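Structural features, examined
Take a look at the letters that make up each chain.
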Amino acid sequence: MGVGQFGIDPQVLDKYAADIAELCRLHVQVGIVIGGGNFFRGAELSEAGLGRMTGDYMGMLATMMNGLALRDALERAELDSRMMSALPMTGVIDVFERRKAIHHLRHGRPVIFVGGIGNPCFTTDSAASLRGIEIEAELLVKATKVDGIYDNDPRKDQHAKKYEQLSYAKVLNDRLNVMDATAICLCRDHQLPIRVININEPNSLKRLVMGEHVGTLVNGVE
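Residues numbered from 1 in each chain as written. Predicted model: local features only at pLDDT ≥ 70, side-chain atom pairs only at ≥ 80, totals over all residues. Heavy atoms only, no water.

1. Details of helix α3 (residues 52–76)
Taking 1.5 Å of rise per residue, 25 residues should cover 36 Å, and α3 covers 36 Å from first to last C-alpha, within 8% of that figure. Immediately beyond the C-terminal end of α3, within one or two residues, lies Glu 78, with a positive phi of roughly 60 degrees. (Helix = DSSP H or I, 4+ residues; strand = E, 2+ residues; numbered from the N terminus. Expected span 1.5 Å × (residues − 1).)

2. So, the packing of aromatic side chains
For the coordinates displayed, the defined rule picks out one aromatic pair. Sitting over the face of the ring of Phe 96, Arg 131 holds its NZ or CZ atom 3.8 Å from the ring centroid. (Phe/Tyr/Trp six-rings, centres within 6.5 Å; stacked < 30°, edge-to-face > 60°. Lys NZ or Arg CZ within 6 Å of the ring centre and 35° of its normal.)

3. Concerning the environment of Val 196
With respect to the secondary-structure elements, Val 196 resides in strand β9 (residues 194–198). Taking relative accessible area as the criterion, Val 196 reaches 3% and is therefore assigned buried. For the pair Val 196 and Lys 145, spaced 51 residues apart in sequence, the C-alpha separation works out to 9.7 Å. (Buried < 20%, exposed > 50% of the residue type's maximum accessible area, 1.4 Å probe, protein only.)

4. Points about unusual backbone geometry
If a residue is not glycine, its phi is most likely negative; likewise, a peptide bond is most likely trans. Positive phi, close to 65 degrees, is recorded for His 27, a residue that is not glycine. Of note, His 27 is situated in the loop between α1 (10–25) and β1 (31–33). One non-glycine residue with positive phi stands out, namely Gln 191, at about 50 degrees. Mapped onto the secondary structure, Gln 191 falls in the loop between α7 (181–189) and β9. Judged by its relative accessible area of 52%, Gln 191 falls in the exposed class.

5. A few points about the sheet that holds strand β5 (residues 140–144)
The sheet built from four strands is open, its strands ordered β5-β9-β10-β8 with mixed pairing. Of all strands in the sheet, those bounded by a partner on one side alone are β5 and β8 (165–167). On average, each strand axis in the sheet is tilted by 20 degrees relative to the strand beside it, whichever way the strands run. Relative to strand β10 (residues 216–219), β8 runs parallel, the two sharing three bridges. If you follow Gln 165 over to β10, its bridge partner there is Leu 217. (Pairing = 2+ DSSP bridges. Axes fitted to C-alpha atoms, helices over the stretch in contact; angles between N-to-C directions.)

6. Concerning the state of the cysteines
The term disulfide refers to a covalent linkage connecting the sulfur atoms of a pair of cysteines. Counted under the stated rule, the structure contains zero disulfides. Of the cysteine sulfurs around Cys 187, a residue in no disulfide, the closest is that of Cys 185, at 9.5 Å. (Disulfide = S-S within 2.5 Å.)

7. A few points about the environment of Asp 151
Inspection of the secondary structure assignment puts Asp 151 in the loop between β6 (149–150) and β7 (162–163). Judged by relative accessible area, which is 40%, Asp 151 ranks as partly exposed. In this structure the C-alpha to C-alpha distance between Asp 151 and Leu 205, which are 54 residues apart in sequence, comes to 24 Å. Residues within four places of Asp 151 in sequence aside, it is in contact with Ala 160, Lys 161 and Tyr 163. A distance of 2.7 Å separates the side chain of Asp 151 from the backbone nitrogen of Lys 161, its partner in a polar contact. (Contact = heavy atoms within 4.5 Å. Polar contact = N/O pair within 3.5 Å; in protein donor to acceptor, adjacent residues only side chain to side chain.)

8. Quick look at the nonpolar core
Membership of the largest hydrophobic core comes to 26 residues, with the highest contact counts inside it found for Ile 20, Leu 70, Leu 74, Ile 112 and Val 114. Those elements giving two or more residues to this core turn out to be α1, α3, β4 (111–114) and α8 (204–209). For Val 114, the residues in contact, after removing those within four places along its chain, are Ile 34, Thr 63, Met 64, Gly 67, Met 83, Met 84, Ser 85, Ala 86 and Ile 93. (Core = buried A, V, L, I, M, F, W, Y, C linked by side-chain atoms within 4.5 Å.)

Written out as structure tokens, the structure is:
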């Protein structure tokens, strides 16, 4: 959204495309799970009176719009990419197939995953965890507007403490709201580490893959 209230900011889109292209030049395999909160949020629509299942499906369709926009930005950055959806959209987006996704990744093509997991009641976080496990990712990066995990909202509490590293159990027990519990449990059960970073910080993704400590790491270490 950038500084807007909804929709897509082309400048933000181009920045993300440039960041992804830079990772690919470093021979990093990049899978992107994209949300749709800049258009629709199922939970908020449900509170306003819309059926939860309907709202969730609307949110999945919103992820497809974002995915198409990102794919277009990657093409303008002269980067060959693929997009796969958990919901069929014949002629526009490929249906998700695990083996095909891994094939594209191994050939240097970033893969954009849209449509969540194809079922209501599951968040983009859960979709990211599931896709990360399926493509055998080494790291799940949670790209946010905050530079890590804090014990309180740093935008409201100037004394909030930032964690450098946390265990899955700590995140769940303290309800730190990094990702939803289903997503955290999936990562824990499959030992997929999570790194929470501020995607808007300059070169945050590149610094991360080059070995710099960025954001907060969530893994099995207490």
